[in-house]
There are 6 protein chains.
Amino acid sequence: MSRSIYVVNPNSNKAVTAGIDEAVERLRIDGGPAIEALTLEDGPPGIQSQRDADGVVAPLLRLASTLEDEAAAFVIACFSDPGLHALREQSARPVLGIAECGVLTALTMGQRFGVIAILPNSIPRHLRAFGAMGVSGRLAGELAVGLTIAELADDRNTLLRLVQVGRRLRDDYHADTIVMGCAGMARFRRRLEDAVGLPVIEPTQAAVGMAMARVLLGSG
Amino acid sequence: MSRSIYVVNPNSNKAVTAGIDEAVERLRIDGGPAIEALTLEDGPPGIQSQRDADGVVAPLLRLASTLEDEAAAFVIACFSDPGLHALREQSARPVLGIAECGVLTALTMGQRFGVIAILPNSIPRHLRAFGAMGVSGRLAGELAVGLTIAELADDRNTLLRLVQVGRRLRDDYHADTIVMGCAGMARFRRRLEDAVGLPVIEPTQAAVGMAMARVLLGSG
Amino acid sequence: MSRSIYVVNPNSNKAVTAGIDEAVERLRIDGGPAIEALTLEDGPPGIQSQRDADGVVAPLLRLASTLEDEAAAFVIACFSDPGLHALREQSARPVLGIAECGVLTALTMGQRFGVIAILPNSIPRHLRAFGAMGVSGRLAGELAVGLTIAELADDRNTLLRLVQVGRRLRDDYHADTIVMGCAGMARFRRRLEDAVGLPVIEPTQAAVGMAMARVLLGSG
Amino acid sequence: MSRSIYVVNPNSNKAVTAGIDEAVERLRIDGGPAIEALTLEDGPPGIQSQRDADGVVAPLLRLASTLEDEAAAFVIACFSDPGLHALREQSARPVLGIAECGVLTALTMGQRFGVIAILPNSIPRHLRAFGAMGVSGRLAGELAVGLTIAELADDRNTLLRLVQVGRRLRDDYHADTIVMGCAGMARFRRRLEDAVGLPVIEPTQAAVGMAMARVLLGSG
Amino acid sequence: MSRSIYVVNPNSNKAVTAGIDEAVERLRIDGGPAIEALTLEDGPPGIQSQRDADGVVAPLLRLASTLEDEAAAFVIACFSDPGLHALREQSARPVLGIAECGVLTALTMGQRFGVIAILPNSIPRHLRAFGAMGVSGRLAGELAVGLTIAELADDRNTLLRLVQVGRRLRDDYHADTIVMGCAGMARFRRRLEDAVGLPVIEPTQAAVGMAMARVLLGSG
Amino acid sequence: MSRSIYVVNPNSNKAVTAGIDEAVERLRIDGGPAIEALTLEDGPPGIQSQRDADGVVAPLLRLASTLEDEAAAFVIACFSDPGLHALREQSARPVLGIAECGVLTALTMGQRFGVIAILPNSIPRHLRAFGAMGVSGRLAGELAVGLTIAELADDRNTLLRLVQVGRRLRDDYHADTIVMGCAGMARFRRRLEDAVGLPVIEPTQAAVGMAMARVLLGSG
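About the thresholds
Residues numbered from 1 in each chain as written. Chains lettered and ligands numbered in written order. Predicted model: local features only at pLDDT ≥ 70, side-chain atom pairs only at ≥ 80, totals over all residues. Heavy atoms only, no water. Helix = DSSP H or I, 4+ residues; strand = E, 2+ residues; numbered from the N terminus. Rg over C-alpha atoms; globule rule 2.2 N^0.38 Å. Buried < 20%, exposed > 50% of the residue type's maximum accessible area, 1.4 Å probe, protein only. Contact = heavy atoms within 4.5 Å. Areas by Shrake-Rupley, 256 points an atom, 1.4 Å probe, with all protein chains shown as cover. Lys, Arg positive; Asp, Glu negative; His and termini not counted. Charge placed at Lys NZ, Arg CZ, Asp CG, Glu CD. Buried area = accessible area lost by both parts, 1.4 Å probe. Salt bridge = Lys/Arg side-chain N within 4 Å of Asp/Glu carboxyl O. Polar contact = N/O pair within 3.5 Å; in protein donor to acceptor, adjacent residues only side chain to side chain. Domains from an automatic or database assignment. Least-squares fit on C-alpha atoms with pLDDT ≥ 70 in both. Nonpolar A, V, L, I, M, F, W, Y, C, P; charged D, E, K, R; others polar.

## Details of the overall build of chain A
- The helix and strand inventory of chain A stands at 10 helices and eight strands.
- Taken over the C-alpha trace, chain A has a radius of gyration of 16 Å; the compact-globule value for 220 residues is 17 Å, and the two agree within 12%.
- Seen along its three principal axes, the alpha-carbon backbone of chain A occupies a region of about 50 × 30 × 30 Å.
- When burial is assessed residue by residue, chain A has 67% of its 220 residues classed as buried.
- Within chain A, counting contacts between residues at least 6 apart in sequence, those at least 24 apart form 67% of the total.
- A total accessible area of about 7,300 Å² is found for chain A, and carbon and sulfur atoms account for 49% of it.
- The average position of the 22 basic charges and that of the 25 acidic charges among the side chains of chain A differ by 5 Å.

Here you go:
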């Protein structure tokens with residue numbers, strides 16, 4: 001199979017892209033499609049607002065357009081799923097968003113999913129998305145770690161906050177699964193899962209997994 | 001009051017802007033805020049896809065930014081409410097979308113609202129928005145007239161189709177109010193209402209009305 | 001425009017009517033409709049139960065009937081929206097309820113609205129109304145200040161309680177807008193907003209604003 | 001047991017009361033509570049509007065007040081459940097509404113309930129009630145026979161219309177149970193059930209049955 | 001009336017059956033159907049998992065099959081409602097489940113029901129059931145006492161935990177009614193109600209009450 | 001990777017198992033987990049009722065228990081997802097159901113999914129499942145082909161009926177994706193898709209795809 005699943009990080013932060021690349025490593029297998037993590041060079045340093053999310057759609061569509069022929073599928077690796085529906089219109093390939101797939105995968109692993117956002121102001125945006133998906137009734141709650149991009153560089157503190165928030169979702173909101181509401185942080189998944197004692201879904205993995213199945217099955 | 005409510009048509013079609021301008025004429029009163037209909041010159045000829053909707057956000061935000069100081073409020077005059085939440089982040093003024101306000105106004109006039117879209121492929125986009133708004137349970141149905149921009153130039157046929165679709169929403173979907181799912185067609189509102197026998201909400205009027213109240217009250 | 005928007009306080013408490021009158025002052029403009037706050041003389045001192053709410057419908061309809069010819073619109077200024085649907089049947093004018101309009105306006109200002117009730121036993125009644133409106137999914141929570149009519153006379157303490165409850169809705173229920181679940185207390189709106197740091201909707205203002213637009217537009 | 005379940009017909013139509021009386025005959029058993037059907041003499045000839053529904057609350061509460069001491073429970077025998085929540089506030093006895101109980105009983109007999117209303121304009125009122133009850137997701141649809149009180153006197157035609165509407169709910173709306181959206185028509189239940197081939201719930205029977213259990217159990 | 005309502009305890013714990021028998025004593029009246037509590041001898045000691053719930057369906061159906069001719073109705077007396085829909089298919093008699101009827105009865109007694117489960121791992125199973133019933137919007141919350149079958153033998157401690165959890169549902173979750181999420185514990189109902197100050201629904205009583213009405217009315 | 005994804009057909013019909021085996025052929029790749037389709041020998045010829053669905057849980061759990069050590073994951077290949085939650089309790093492996101995964105995958109391919117059932121009496125069972133999943137708001141409708149197991153042997157007629165029903169879901173119910181509500185019929189997927197012009201999801205493929213990703217990622 002010569003076409004690739006393109007996992008597009010719509011921000012320009014290459015550390016995030018590296019984290020995405022690492023997240024999907026286990027999905028790269030001999031008979032499977034190639035999986036390439038890409039950085040949207042024209043994207044902002046991080047997607048921290050609705051404006052950022054809307055703003056990356058145009059460059060994302062342009063990038064995807066240049067990749068269409070070699071693409072087996074596209075995964076948009078940002079928890080705001082920017083451009084998800086626009087790219088579905090443009091491309092003949094499967095297009096998956098990590099928020100959508102992360103949440104849907106959580107629905108198969110527990111009854112009430114909790115979401116850990118990075119920033120508090122992302123939460124209303126995510127809630128709108130869950131409403132548009134029609135799955136709000138399954139949401140236990142969403143809370144933010146409240147760390148800036150700079151602060152996220154401190155892995156030890158980031159894990160600490162993830163665990164604190166995860167435990168609060170478990171204890172106060174009765175979440176029985178946790179969705180990481182961000183891309184590029186797969187390295188924390190297992191440790192977060194161990195510390196909280198609930199299944200933790202890393203959404204880029206969930207989305208690339210669903211993309212892979214779509215590609216292998218040859219469905220549109 | 002020297003600041004204006006800017007009603008931005010995010011497509012470049014000046015006939016639509018003229019229709020918007022006409023729609024809000026009755027809301028221009030002594031003592032009230034000025035109401036100016038503007039064309040987003042950088043917008044596409046029409047907003048006919050999610051791509052179009054996402055694509056106008058950046059120029060819309062730029063335009064709004066230049067107007068911020070003179071703005072009393074902003075109304076985004078496209079039934080996809082493009083940039084609604086992004087502009088709310090950016091601006092200190094009230095920001096209203098015509099889909100949101102058209103639907104909310106319909107909720108005060110009947111129990112089940114029907115929506116008339118222009119194109120069928122807009123319907124899923126609108127359904128996502130109603131889901132994000134949390135009002136899907138009040139939707140009777142949405143149907144499209146299925147006319148292209150060119151075809152919309154024929155007023156007689158357009159009215160005919162609006163009436164056909166409105167009657168179908170009334171008879172087969174039990175709608176008791178009708179929301180026009182587009183901007184710039186206020187000239188048909190009264191005739192549609194008379195022919196269908198249900199209240200018809202022209203969404204730009206609904207949104208500018210709500211903006212006007214916000215401006216007068218001085219709420220954020 | 002010689003007809004008036006009648007804002008009917010369905011209780012007999014003239015201090016409440018005075019508060020309503022003050023609340024809508026900024027909506028009285030040269031070219032706009034007159035706005036008159038009226039007391040339902042036959043109403044109870046306060047609407048503190050479902051019985052009170054149901055009981056005012058008949059005198060409210062009678063009063064409205066005598067005003068029909070001079071009415072441009074009716075606003076029912078009680079957060080239980082008593083007689084809302086009955087008056088819609090009776091009158092050919094726009095009829096708006098403050099709970100309905102307060103909540104709908106909140107939907108344009110945040111993702112999850114909180115409501116501050118006066119008495120705890122009003123909350124189930126309000127929840128039924130939000131269910132009937134189909135917007136329960138957007139409710140963050142509703143809490144009561146728990147003050148009697150007599151206690152409400154102490155403005156300082158009332159504000160204190162409003163702020164306490166507003167902060168609790170913000171912190172524990174994740175509300176990002178607050179709807180005041182009562183009429184006649186507009187004087188606290190700005191201070192509450194400042195103290196809580198969230199937009200606060202005074203529902204009579206919201207309803208009269210929507211009524212004004214309906215009147216100017218001449219819609220039914 | 002000397003106290004009675006009072007089944008109050010809130011309209012003044014004694015033929016309806018007689019129908020109610022007949023409907024509950026089979027629930028009158030030796031060891032059970034007495035069941036008395038009463039006419040609200042001050043009620044309108046029929047409850048055909050929200051105004052009618054609201055208007056009967058005050059006389060209904062007065063009547064119930066005089067009966068409180070002898071009452072084991074109250075059933076409000078009108079599909080608009082007028083005064084249901086007000087009477088619950090007033091009385092220390094179980095208070096049940098026929099719409100509420102008819103629908104809840106239907107939920108135990110099928111997955112999607114259809115409702116047959118008498119008049120089309122009652123449907124929005126019923127929809128608001130289902131929304132307030134939080135069960136709208138189980139509604140297949142509601143349709144009206146469209147007969148006036150006078151026309152209902154013709155049993156043959158009434159049955160014909162009930163069957164037509166019941167079949168339409170079954171075939172076009174996929175209802176698998178039918179709730180009769182009115183009081184006093186129990187005599188048609190069995191024939192309607194036979195003709196449509198779905199379980200048909202007569203709501204007064206459902207409510208009196210639930211009241212009887214509450215009375216026997218001595219719950220509040 | 002010679003046929004009986006069979007109230008089947010689908011676990012083999014005869015103390016639970018005895019508790020069920022006692023729970024329905026007040027519903028046994030002259031003129032009413034006999035009510036017999038039965039133990040499913042082939043059932044597990046308790047239904048503590050989905051596996052247990054699914055596992056009792058086959059023996060439950062077999063038992064019900066042998067009883068069909070003498071049965072007036074069946075009540076499945078386990079809060080997981082095991083076999084509810086399967087038995088409805090098999091039997092020509094009314095079939096009621098205690099979770100379904102307990103919840104539906106709660107809907108007539110308050111606006112937001114709380115549920116007290118025995119074990120925490122039952123909660124997701126119950127939530128799925130409430131979702132299937134379409135009533136999740138009315139749920140205030142569900143919490144578990146967290147006692148094993150052995151620990152439940154200590155009545156004093158069990159009541160203590162029921163009250164603690166009931167108060168938490170009232171205070172932190174705003175429940176205004178409480179449904180006991182188990183069978184066989186009717187002896188605590190009144191004391192729990194007194195201690196919490198909210199109506200408490202014992203679900204077997206609710207279900208047998210609804211069954212009794214169905215039997216008397218002769219509906220299918 | 002030496003452990004297998006076991007795709008269990010819970011009925012004893014080996015033709016169905018063969019269809020399942022064929023369905024997943026494209027997901028068998030170098031480097032990926034083995035995928036084995038198994039027949040539950042103790043299952044009924046078909047799962048055509050709630051009784052059938054409940055009845056296979058015990059033998060299914062037994063079979064899964066014997067396979068636990070060699071299992072990488074389990075997929076329950078029946079659109080009633082029998083035993084889904086019970087097997088999740090029992091097994092340490094990922095457990096996926098085809099209805100759940102088929103529907104969730106549809107949510108990524110359109111806004112309103114339609115479902116084609118085999119038999120009409122399965123529809124209420126499926127609706128309960130969608131309710132428990134919390135996704136009913138995305139359902140366009142479900143219709144049955146109404147063919148018996150014997151009639152399904154006629155491929156030509158089966159395809160004809162699938163297409164008729166698929167077109168009706170598209171035209172009358174506004175479905176924009178179709179989920180095949182059965183296992184073992186993957187051979188029709190492409191032709192159905194071509195004839196209806198909408199994406200068609202074969203649910204066993206969807207579930208095995210999701211299982212494969214879970215296995216590769218090593219998540220619990």
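Anyway, onward from the coordinates.
## Focus on the interface of chain A and chain F
- On the chain F side, the residues contacting the 34 residues of chain A number 34 residues.
- The largest contributions to the chain A side of the interface with chain F come from T108, L216 and L217 of chain A, which together make up 22% of the buried area.
- Inspection of the region where chain A meets chain F yields zero salt bridges.
- Taken together, the links from chain A to chain F amount to 11 residue pairs in polar contact (both at pLDDT 80 or more).

## So, the domain arrangement of chain A
Residue and element names in this part refer to chain A.
- On domain assignment, one finds that chain A holds domain 1 (4-97 + 204-217) and domain 2 (100-203).
- Relative to domain 2, the C-alpha centre of domain 1 lies at a distance of 20 Å.
- Each partner contributes residues to the interface: domain 1 has 25 residues there, and domain 2 has 24 residues.
- Here domain 1 meets domain 2 over a buried area of about 1,800 Å², counting both sides, of which 55% is carbon and sulfur.
- At the junction of domain 1 with domain 2, the criterion picks out one salt bridge.
- In this structure, the salt-bridge partner of E100 is R88, at a minimum N-O distance of 2.6 Å.
- Secondary structure elements with two or more residues in the side of domain 1 that touches domain 2: α1 (14-23), α4 (84-90), β4 (95-97) and α10 (203-217).

## Some details on the environment of A71 of chain A
- Mapped onto the elements, A71 of chain A comes out in strand β3 (residues 71-76).
- In contact with A71 of chain A, other than residues within four places in its own chain, are R3, S4, Y6 and R93 of chain A.

## Quick notes on the relation of the copies chain A and chain E
- Least-squares fitting of chain A to chain E yields an RMSD of 0.0 Å, with the transformation described by 0.0 Å of translation along the axis and a rotation of 120 degrees. In the structure described here, the two chain copies are related by an operation that fits a three-fold rotation axis. Using C-alpha coordinates, one finds that chain A approaches the rotation axis most closely at G137 of chain A, a distance of 4.8 Å.

## Describing the interface of chain A and chain E
- Taken together, the contact pairs four residues of chain A with six residues of chain E.
- Of the roughly 410 Å² buried between chain A and chain E, counting both surfaces, carbon and sulfur atoms make up 55%.
- Contact with chain E buries surface across chain A, with Q111, R112 and H174 of chain A losing the most and accounting together for 88% of the total.
- The tally of links from chain A across to chain E stands at zero salt bridges.
- Where chain A meets chain E, there are one residue pair in polar contact (both at pLDDT 80 or more).
- When its residues are assigned to classes, the side of chain A that touches chain E shows no nonpolar, two polar and two charged.

## Considering the pattern of salt bridges
- This structure, assessed with the given rule, holds 60 salt bridges over all chains.
- With its nearest N and O atoms 2.8 Å apart, the salt bridge here joins R28 of chain B to E25 of chain B.
- For the salt bridge of R189 of chain E with E193 of chain E, the shortest nitrogen-to-oxygen distance reads 2.8 Å. A residue pair is termed a helical-turn pair when its members lie 3 or 4 positions apart in one helix, as R189 of chain E and E193 of chain E do in helix α9 (residues 189-196) at four residues.

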